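# Tertiary structure, described
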Amino acid sequence: MSEIAGKSLYEDVRTQHEALLKGLKSSNNGHCLGYRPGPGQPYKWLSYQEVLDRAQNFGSGLVEKGARTNTDQRIGIYSQNRVEWTLAEKACNGYSMVVVPLYDTLGPQAIKWILQQCELLEYVIVDKCEKALNILKCSDTFVKKVILVEEVSDSVKEKAAERNIDVVTFAEIEELGKSHRKEFVPPNPDDLHTICYTSGTTGNPKGVMQTHGSLIANASGIYCTGVRDACNVRANDVHYSYLPLAHSFEKIVQTLFFMQGGSIGFYQGDLKLLTDDLQTLRPTFFPIVPRLLNKFYDKVRDTVCLCGVQPLTRLGLFQINAGVSASKMKKFVLDLALKKKLALLKKGVVTRNTIWDKIVFKKVQNMLGGRIRICVTGAAPISQTVLSFMRCALGIPLTEGYGQTECGAALTVTLPGAYAGGNVGSILPCAFAKLVDVPEKNYFAKDNQGEVCLKGTPVFKGYFKDEEKTKEAVDEDGWLHTGDIGQWLPNGSLKIFDRSKHIFKLSQGEYIAPEKIEQI
C-alpha cells in the first residue's frame, strides 16, 4: 500500500473512472467486456479502449440530451447484467453522475418510491420493453427520458406518448454522443458514486450512498488479503458476471477486475444456461452466493460419476465386488475421495492434482469450465460441510466473505489456508473494527462479545434523504453499527453468532432472535 494506505491499492486509482483507465494500462488494452451474441455462440469481446470510447460516447449523448455533469444528476439503471449496464455505469463515472440501480425483487411499489425519492432521476436505462412499461406506468415520478437497450415496441411508444415521456434507444444515445463528443468530467474520491437501495425487512427501501473512494478502498482491502498473489486478481483473469450488478457484491468484484485489467464475461440472462456459459467462457474467477452453492453441492452429490473404475482396481485401491451396485460403488469411491482430500484440507493443502481429482472430481471441475482458481462466497451464511466439500471437489481455496452494503460490500474474508471454519475471516486492512456492549442481551466487549462495529473509508455516506436512520446506523464518532453480534477468535478471525436487532421480548422477559429460529 502507498501513502494513501487504507484508501486505495494504487495512488493513481481513487475513483471508478481511474480504475478503468488503470485497467487499460494494466491489460495493455486487452479484453474488457465479453458477451455471447446468441445461444451456442462463443464470447465476443470489447477491448478496454472500446469500452472507454463507448462510455464516452454514451456519456456525451446524455450530456447532449441535457444531463448535468455533477452528482446532482442521478441515472437509473433497470437491467440484467450485460455490456450496456457497465457501459452506462462507466459513462456516469466519467461525467460525475450518480448511478441508481433498480431491480425486480424490489417490487413495483418500491421502484415507484425510489423514482419519487430520487427527484432528479430523470433518465432511466432499461434493457427490455416490459421493464420500460413498468417505469412508464409509475405516476407522479420525475422520469423524463427512458433509454431502452432493445428496440422500442409499439406498446412502449403508446404509453410514453400518454405520459409525455421521451423514449430513445441506447444505440441512439451512443450515436448522438459520437457526433457531439464531450471531454470527461471525472469525479473526486469523496463524490457519490451509487445510491444502492436495500430492500430491508419492513417499510420503504433505504438508499445507501456509496462514494467512489469507499468502493475503491473496499476493493483494495480485498486484494490485500491475497497470499503471495495466489488469491489475487491478475490481468489474465476472467470473471463470470451473473450476480446482480444492482448489489454491492458484484460491483466490488468488477471494481477489482477493472483495477487489475482483468476480463469480465456476462451471462446470457438465464441462470438455466449458467453451466453452458461457464464451459464456454472458462472463467478463472467465480463468485457464488450460498443459495446457489448449496444447489451446486446437492447436484454434485446426486450426480457425480466416476471417470472409470478400472484405474482404481489396477492401483489396488479397492476390489470391486460383483454383488455391489454401481450406485453404492460410486458413493463409496466418492466418500473415499472426499476423506482423502479432507485430510489434505486439514493440513491447509488445496489441490486438484491428486488421483482423486482425475478419477472423481474432474467432471465437477469441468462443469465450471475447468480453469477456476478463485471462488468467493458471501451475502448469507453457509455451512462448513458445504464449504469443505466444494473446496475438495473444486480443488481451490474457496473464500468466504462477510459484510453489508453499508460498508461497500465486504468487512472480512477468510484467508487462504484458514479452513477450520466457524468464522467469517479477518478484517480487511482498509478499515477498523471493534465490539460494542449490548447489555440488553448480556453481551459485553470485556468478555470478547458484542456488536460488530466498523470504521474507515469503506463506510457509506449515509442513507439518502434519511438522516434519522443514518444516525441509527452510524454513531457520532463515525462507527457503523452492523447489528451483528460477534467475537474474536484466538487466530484473529471474527465469529458471528447472533443479532443485536430484530429481537422479540417474550412475556417472561426473554429475548428471542428471529434469525436463530430461521437457522434452526
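Look up a bit, the structure's there.
A short tour of the structure in this document, coming up. (Residues numbered from 1 in each chain as written. Predicted model: local features only at pLDDT ≥ 70, side-chain atom pairs only at ≥ 80, totals over all residues. Heavy atoms only, no water.)

### A word on the pairing of strand S10 (residues 238–241)
Of the two faces of S10, both are covered, the one formed by Val238 and Tyr240 as well as the one formed by His239 and Ser241. Bridge analysis of S10 against strand S11 (residues 263–266) gives four bridges, and the strand direction is parallel. Pairing of His239 across the sheet is with Ile264, part of S11. Considered for its hand, the β-α-β crossover made up of S10, helix H9 (residues 248–260) and S11 is right-handed. (Buried < 20%, exposed > 50% of the residue type's maximum accessible area, 1.4 Å probe, protein only. Helix = DSSP H or I, 4+ residues; strand = E, 2+ residues; numbered from the N terminus. Pairing = 2+ DSSP bridges. Right-handed = clockwise from strand over helix to strand, strands pointing away.)

### As for the packing of aromatic side chains
Scanning the model with the defined rule gives eleven aromatic pairs in all. The interplanar angle of 90° and the centroid separation of 6.3 Å between the aromatic rings of Tyr48 and Phe258 together place this pair among those described as edge-to-face. Within this pair, whereas Tyr48 is found in helix H2 (residues 48–64), its partner Phe258 is found in helix H9, the two being separated by 210 residues in sequence. Here Tyr297 and Phe389 contribute two aromatic rings whose centre-to-centre distance is 5.1 Å and whose plane-to-plane angle is 85°, an arrangement assigned as edge-to-face. In this pair, Tyr297 sits in helix H11 (residues 290–303) while Phe389 sits in helix H15 (residues 384–394), placing the two residues 92 residues apart along the sequence. Given a relative accessible area of 16%, Tyr297 falls into the buried group. The rings of Tyr240, Tyr242 and Phe286 are connected pair by pair, giving a single aromatic cluster. The ring of Tyr10 has Lys22 lying over it, and the distance from NZ or CZ to the ring centre is 4.5 Å. (Phe/Tyr/Trp six-rings, centres within 6.5 Å; stacked < 30°, edge-to-face > 60°. Lys NZ or Arg CZ within 6 Å of the ring centre and 35° of its normal.)

### Observations regarding the sheet that holds strand S18 (residues 450–456)
In spatial order, the strands read S17-S18-S19-S20; together these four strands make up an open sheet with antiparallel pairing. Two strands close off the open sheet at either side, each with one partner strand: strand S17 (431–436) and strand S20 (494–499). Geometrically, the sheet is characterised by an average inter-axis angle of 50° between neighbouring strands, direction not taken into account. Examined bridge by bridge, S18 and strand S19 (residues 480–488) share four bridges and lie antiparallel to one another. Opposite Glu451, over in S19, you have Ile485 as the bridge partner. (Axes fitted to C-alpha atoms, helices over the stretch in contact; angles between N-to-C directions.)

### Some thoughts on helix H8 (residues 212–223)
Taking 1.5 Å of rise per residue, twelve residues should cover 16 Å, and H8 covers 17 Å from first to last C-alpha, within 8% of that figure. Burial of H8 is extensive: twelve of the twelve residues sit out of reach of the surface. Looking at H8, one finds that the buried residues are His212, Gly213, Ser214, Leu215, Ile216, Ala217, Asn218, Ala219, Ser220, Gly221, Ile222 and Tyr223. Among the structural elements, helix H1 (16–26), helix H3 (83–94), strand S8 (192–198), strand S9 (206–211) and H9 are those in contact with the buried residues of H8. (Expected span 1.5 Å × (residues − 1). Contact = heavy atoms within 4.5 Å.)

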